[in-house]
Amino acid sequence: MKDLAQIFKALGDETRLKIVEMLLGKELCVCDILDAFDKTQPVISHHLKILKYAGLVADSRDGKWIYYSLTPQAFECIEGFASHMKVELYTKDRKAPCSQNRK
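Summary of the structure given here. (Residues numbered from 1 in each chain as written. Predicted model: local features only at pLDDT ≥ 70, side-chain atom pairs only at ≥ 80, totals over all residues. Heavy atoms only, no water.)

Quick look at the sheet that holds strand β3 (residues 65–70) now. Spatially, β1-β3-β2 is the arrangement adopted by the three strands of the open sheet, whose pairing is antiparallel. Both outer strands of the open sheet, β1 (28–29) and β2 (57–62), are each paired with one neighbouring strand and no more. Pairing of β2 with β3 involves six bridges; the strand directions are antiparallel. Looking at β3, one finds that S60 is bridged to Y67. (Pairing = 2+ DSSP bridges. Helix = DSSP H or I, 4+ residues; strand = E, 2+ residues; numbered from the N terminus.)

Time to look at the pattern of salt bridges. A side chain of one charge can pair with a side chain of the opposite charge if their charged atoms are brought near each other. Per the counting criterion, the structure on display carries one salt bridge. Notably, a salt bridge pairs K52 with D59, separated by 2.9 Å at the nearest N-O pair. Looking at K52, the relative accessible area reads 41%, which means it is partly exposed. Given a relative accessible area of 32%, D59 falls into the partly exposed group. (Salt bridge = Lys/Arg side-chain N within 4 Å of Asp/Glu carboxyl O. Buried < 20%, exposed > 50% of the residue type's maximum accessible area, 1.4 Å probe, protein only.)

When you line up the elements, H47 lands in helix α4 (residues 41–53). Setting aside chain neighbours within four positions, we find H47 in contact with D13, T15, R16 and I19. (Contact = heavy atoms within 4.5 Å.)

Such coordinate-based values are descriptive only and should not be taken to indicate function.
This is how it looks when you write it as C-alpha cells:
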C-alpha cells in the first residue's frame, strides 16, 4: 500500500501528469520534455526524479543522453487497485451496530 500511496502522491501534480501523458508509448530525453513546458531544466528534472522514485518512470542512458519511459508495473499496480475498488463499490454490506450504541 505504501508503494501505491507514493504513486498517487507523484501523480498528484499537473506537471507530472502531463509528463506521464507525454511518455505514453515512447521514450523521451529531458530536453524533449522540457520543450513542452515553460519551466527550467532543474524543475523538470525534479519532477522526473519524483516520478522515478515512485516507480512510474525509468531512465536509460545512451551516451550523454538520458531517456525516460513509463514502467508498466506501476500502472498495473494502479489498475489492480482500481479494479478492486470498483468491485467493492457495489458491495453494501452493513456491519453490526456500533459498539458504543450497545448497552
